[in-house]
Amino acid sequence: MGGPEPKIDLNDDQLLRYSRHILLPEIGIEGQQKLLAARALVIGAGGLGSPVSLYLAASGVGRITLCDHDKVDLTNLQRQIAHDTTTIGQPKVESARAALARINPEAQVVPVQERVEGARLEALVEAADVVIDATDNFATRHAINRACVKHRRPLVSGAGVRFDGQVSVFDLRQDSSPCYHCLFPEEGDLEEMRCAVMGVFAPLVGIIGSVQAAEALKLLMGVGETLTGRLLLLDALSMHWRSVKLKRDPACKVCGAR
Ligand SMILES: [Zn+2]
């Protein structure tokens with residue numbers, strides 16, 4: 001990750017606010033200090049990005065850069081829990097920033113109201129300690145993956161449509177980790193399934209987004225075992241989880257020559 005971590009001394013309010021984290025021996029003061037010094041990039045402020053950013057802010061992640069070009073629409077509110085009826089018509093990043101500030105005024109939220117791509121995307125990825133893909137289309141997912149491979153940043157990837165969700169981690173700091181392209185080659189004829197057409201069960205994106213938040217926090221603190229090398233698949237209709245082992249594709253066009 002980017003450089004030495006500055007040690008941030010916790011004040012009395014912070015010791016209280018984060019006390020239930022600090023009580024966990026796996027986290028403690030040291031883990032909480034790492035979160036306070038951490039920089040997360042969340043791309044997408046919709047169904048997945050809402051729970052991701054709410055949990056990262058509540059947990060005390062120091063800086064959250066939140067990207068989304070879109071505005072809040074009435075059809076979003078069934079599942080995009082960072083937004084509410086009063087913010088319809090506002091940019092999603094501004095609506096979410098206000099929601100995060102109400103939970104934790106300490107969280108520094110950087111709103112980026114753009115469809116990030118190209119050099120802009122690369123610079124944002126390079127400046128982050130962890131990248132969370134909370135978008136809903138394959139082109140953007142592949143662009144984020146390429147930037148994470150290039151700059152060796154851990155990528156937490158999630159998706160949900162209808163009652164089906166999936167989530168994984170590509171820890172591209174490790175040579176052995178597969179990348180998103182190893183799993184879903186761009187040239188594959190995967191059907192694009194967007195919420196707008198297919199529908200989505202409201203809590204599905206809450207469940208998947210919460211798993212993404214958990215994995216991001218663990219990556220930032222360096223605790224536990226992440227989903228690197230595993231893809232979790234959820235059928236929320238039967239509430240069955242499946243875990244599939246992932247291997248790096250040596251012929252992958254994105255990470256193969258790494
Ligand atoms: Zn790959």
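Residues numbered from 1 in each chain as written. Predicted model: local features only at pLDDT ≥ 70, side-chain atom pairs only at ≥ 80, totals over all residues. Heavy atoms only, no water.

### Some points on the overall build of the protein chain
Reasoning step 1: When you go through the protein chain residue by residue, the secondary structure sums to 10 helices and eight strands.
Reasoning step 2: Computed over the C-alpha atoms, the radius of gyration of the protein chain is 17 Å, within 12% of the 18 Å expected from 2.2 N^0.38 for a compact globule of 258 residues.
Reasoning step 3: For the protein chain, the spread of C-alpha atoms along the principal axes amounts to about 55 × 45 × 40 Å.
Reasoning step 4: For the protein chain, the residues scored as buried account for 50% of the 258 residues in total. (Helix = DSSP H or I, 4+ residues; strand = E, 2+ residues; numbered from the N terminus. Rg over C-alpha atoms; globule rule 2.2 N^0.38 Å. Buried < 20%, exposed > 50% of the residue type's maximum accessible area, 1.4 Å probe, protein only.)

### Focus on the side chain of Ser19
Reasoning step 1: Take Ser19: it is sitting in helix α2 (residues 19-22).
Reasoning step 2: A polar contact is formed between the side chain of Ser19 and the side chain of Arg20, at a distance of 2.8 Å. (Polar contact = N/O pair within 3.5 Å; in protein donor to acceptor, adjacent residues only side chain to side chain.)

### Topic: the coordination of the zinc ion
Reasoning step 1: Coordination of the zinc ion by the protein is provided by Cys179 (SG), Cys182 (SG), Cys252 (SG) and Cys255 (SG), with metal-donor distances spanning 2.3 Å.
Reasoning step 2: What the four donor atoms of the zinc ion show is an angle range of 96 to 120 degrees at the metal, which sorts the shape as tetrahedral.
Reasoning step 3: Taken in sequence order, the residues that donate to the zinc ion follow the motif C-x2-C-x69-C-x2-C. One end of the pair, Cys179, is in the loop between β6 (164-171) and α8 (180-183); the other, Cys252, is in the segment after β8 (240-245), and 73 residues separate them in sequence.
Reasoning step 4: The class for Cys252 is buried, based on a relative accessible area of 5%. (Donors = N, O, S within 2.8 Å, 3.2 Å for Na, K, Ca; no water. Tetrahedral: all angles 85-135°; square planar, octahedral: opposite > 155°, others 65-115°.)

### Some details on helix α10 (residues 202-221)
Reasoning step 1: The terminal C-alpha atoms of α10, which comprises 20 residues, lie 30 Å apart, in line with the 28 Å expected from a rise of 1.5 Å per residue.
Reasoning step 2: Looking one or two places after α10, you find Gly222, whose phi comes out positive at around 70 degrees. (Expected span 1.5 Å × (residues − 1).)

### Topic: the packing of helix α3 (residues 28-36) against α10
Reasoning step 1: Relative to each other, α3 and α10 sit at 105 degrees, their axes nearing to 9 Å. It follows from the interaxial angle that α3 and α10 lie roughly perpendicular. In this structure, α3 uses Gly31, Lys34 and Leu35 to contact α10, whose residues at the interface are Leu217, Leu220 and Met221.
Reasoning step 2: Looking at the contact of α3 with α10, its residues break down into four nonpolar, one polar and one charged. (Axes fitted to C-alpha atoms, helices over the stretch in contact; angles between N-to-C directions. Parallel < 35°, antiparallel > 145°, perpendicular 65-115°, else oblique. Contact = heavy atoms within 4.5 Å. Nonpolar A, V, L, I, M, F, W, Y, C, P; charged D, E, K, R; others polar.)

### Re the sheet that holds strand β7 (residues 230-235)
Reasoning step 1: In space, the eight strands of this open sheet follow the order β3-β2-β1-β4-β5-β6-β7-β8, with mixed pairing throughout. With one partner strand each, in any of the chains shown, β3 (108-112) and β8 form the two edges of the open sheet. Adjacent strand axes in the sheet meet at a mean angle of 15 degrees when their direction is disregarded.
Reasoning step 2: Where strand β1 (residues 39-43) and strand β4 (residues 130-133) come together, four bridges link them in parallel fashion. (Pairing = 2+ DSSP bridges.)

### Remarks on the pairing of β3
Reasoning step 1: Pairing geometry for strand β2 (residues 63-67) and β3, over five bridges, is parallel. Looking at β3, one finds that Leu66 is bridged to Pro111.

### Considering the nonpolar core
Reasoning step 1: Formed by 43 residues in total, the largest nonpolar core has its most connected members in Val42, Leu56, Val61, Val130, Ile132 and Val156.
Reasoning step 2: Broken down by secondary-structure element, the contributors of at least two residues to this core are β1, α4 (49-58), β2, α5 (92-103), β4, β6, α10 and β7.
Reasoning step 3: The residues touching Ile132, leaving out its near neighbours within four places in the chain, are Ala40, Leu41, Val42, Ile43, Val52, Leu56, Val156, Gln212 and Ala216.
Reasoning step 4: Within the second largest apolar cluster, 26 residues are counted, among which are Leu124, Ala128, Tyr180 and Cys255. (Core = buried A, V, L, I, M, F, W, Y, C linked by side-chain atoms within 4.5 Å.)

### Regarding the packing of aromatic side chains
Reasoning step 1: Throughout the structure, instances matching the rule amount to three aromatic pairs.
Reasoning step 2: Seen in terms of ring centroids, Phe163 and Phe201 are 4.8 Å apart; in terms of plane orientation they differ by 40 degrees. Their pairing is tilted. One end of the pair, Phe163, is in the loop between β5 (154-161) and β6; the other, Phe201, is in the loop between α9 (195-198) and α10, and 38 residues separate them in sequence.
Reasoning step 3: Plain terms: the ring middles of Tyr180 and Phe184 are 5.1 Å apart, the flat faces sit at 45 degrees to each other, and that makes the pair tilted.
Reasoning step 4: Residue classification places Tyr180 among the buried positions, given a relative accessible area of 3%.
Reasoning step 5: An aromatic cluster is built from Phe170, Tyr180 and Phe184, whose rings are joined through pairwise contacts. (Phe/Tyr/Trp six-rings, centres within 6.5 Å; stacked < 30°, edge-to-face > 60°.)

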